[in-house]
Amino acid sequence: MNKPMKRIVWGIVLATFSINLFGIPIFPKIVGYGLWLWGICGLIPEPEQTEEKWTKGAGILMTAACGIGMAVGWTPLGDGLWVRQIGAILMVSETVCGFGLMNMQEDRGWMPEWYLSCSLAALFCYEYVITIGGGMAGFWGGAAGIAARILLIVKLQPNQKREGEPE
């Protein structure tokens, strides 16, 4: 796997799981999203096609939304409904970015559509929990979001070479 893809995969992992030590974030989510963006910038240095432009733009928006959400989340304004909508912006930009990365692969297969379905289900559950309230929607939204990220990581892995195939 080339370096930009490794950065993207590690960025997804660090953005998915919070690594804290006694409540202090060791690797905040901004580190994961920044690593993800760094990988995208290495993969697409100069975007030429519309899909590449959307993917790179969504990566920038995703990292910026995470940074703004972290900065505002530590202020007294951090409990407002509009601040929680930054999470929705983050999820939408992550969906566009991941879908673009999957579509840039040579062998598309069925995974991009499943990724999009899982990501949208997670977004709808997130919005339901924010506007109406809890229940099992938070659980199912989290499960759908993690499933989407697993599909993205699996799709970005290089195809395994068979024995006897030239490199």
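Residues numbered from 1 in each chain as written. Predicted model: local features only at pLDDT ≥ 70, side-chain atom pairs only at ≥ 80, totals over all residues. Heavy atoms only, no water.

A. A look at the overall build of the protein chain. For the protein chain, the count of helices and strands is 6 helices and 2 strands. Classification of the 167 residues of the protein chain by burial places 37% in the buried group. When contacts within the protein chain are restricted to residue pairs at least 6 apart in sequence, those whose partners lie at least 24 apart make up 66%. Carbon and sulfur atoms provide 66% of the accessible area of the protein chain, an area that totals close to 10,100 Å². (Helix = DSSP H or I, 4+ residues; strand = E, 2+ residues; numbered from the N terminus. Buried < 20%, exposed > 50% of the residue type's maximum accessible area, 1.4 Å probe, protein only. Contact = heavy atoms within 4.5 Å. Areas by Shrake-Rupley, 256 points an atom, 1.4 Å probe, with all protein chains shown as cover.)

B. The arrangement of the pattern of salt bridges in detail. For the coordinates displayed, the defined rule picks out 1 salt bridge. Note that glutamate 94 is salt-bridged to arginine 149, the shortest N-O span being 2.7 Å. With glutamate 94 in helix H4 (residues 81–103) and arginine 149 in helix H6 (residues 137–156), this pair connects stretches of sequence that are 55 residues apart. Taken as a pair, glutamate 94 and arginine 149 share a single burial class, namely buried. (Salt bridge = Lys/Arg side-chain N within 4 Å of Asp/Glu carboxyl O.)

C. Representation of the packing of helix H1 (residues 3–16) against H6 in the model. One can describe the packing of H1 onto H6 by two numbers: an axis separation of 10 Å at closest approach and a directional angle of 165 degrees. With respect to H6, the element H1 is oriented roughly antiparallel. You can see that H1 and H6 cross each other, and the crossing is left-handed. Between H1, through Met5, Ile8, Val9, Ile12, Val13, Ala15 and Thr16, and H6, the contact on the second element is made entirely by Ile146, Arg149, Leu152, Ile153 and Leu156. Here the residues of the contact of H1 with H6 are counted per class, giving 10 nonpolar, 1 polar and 1 charged. (Axes fitted to C-alpha atoms, helices over the stretch in contact; angles between N-to-C directions. Parallel < 35°, antiparallel > 145°, perpendicular 65-115°, else oblique. Left-handed = near helix turned anticlockwise from the far one by under 90°. Nonpolar A, V, L, I, M, F, W, Y, C, P; charged D, E, K, R; others polar.)

D. Structural context of the packing of aromatic side chains. Counting across every chain of the model gives 2 aromatic pairs. Relative to tryptophan 36, the ring of tyrosine 33 lies with its centre 6.0 Å away and its plane at 10 degrees, an arrangement referred to as stacked. Of this pair, tyrosine 33 and tryptophan 36 both sit in helix H2 (residues 29–43), 3 residues apart, which is roughly one turn of that helix. Look at tryptophan 36 and you get buried, because its relative accessible area is 0%. Consider the rings of phenylalanine 139 and tryptophan 140, whose centres lie 4.9 Å apart with planes at 75 degrees: the pair is edge-to-face. The ring of tryptophan 38 has arginine 7 sitting right over it, with the charged end atom 3.9 Å from the ring centre. (Phe/Tyr/Trp six-rings, centres within 6.5 Å; stacked < 30°, edge-to-face > 60°. Lys NZ or Arg CZ within 6 Å of the ring centre and 35° of its normal.)

E. A look at the side chain of threonine 55. Looking at the element boundaries, threonine 55 is found in helix H3 (residues 50–73). For threonine 55, the residues in contact, after removing those within four places along its chain, are Ile40, Ile44, Cys97, Gly100, Leu101 and Met104.

By themselves, these figures tell us nothing about what the structure is for.
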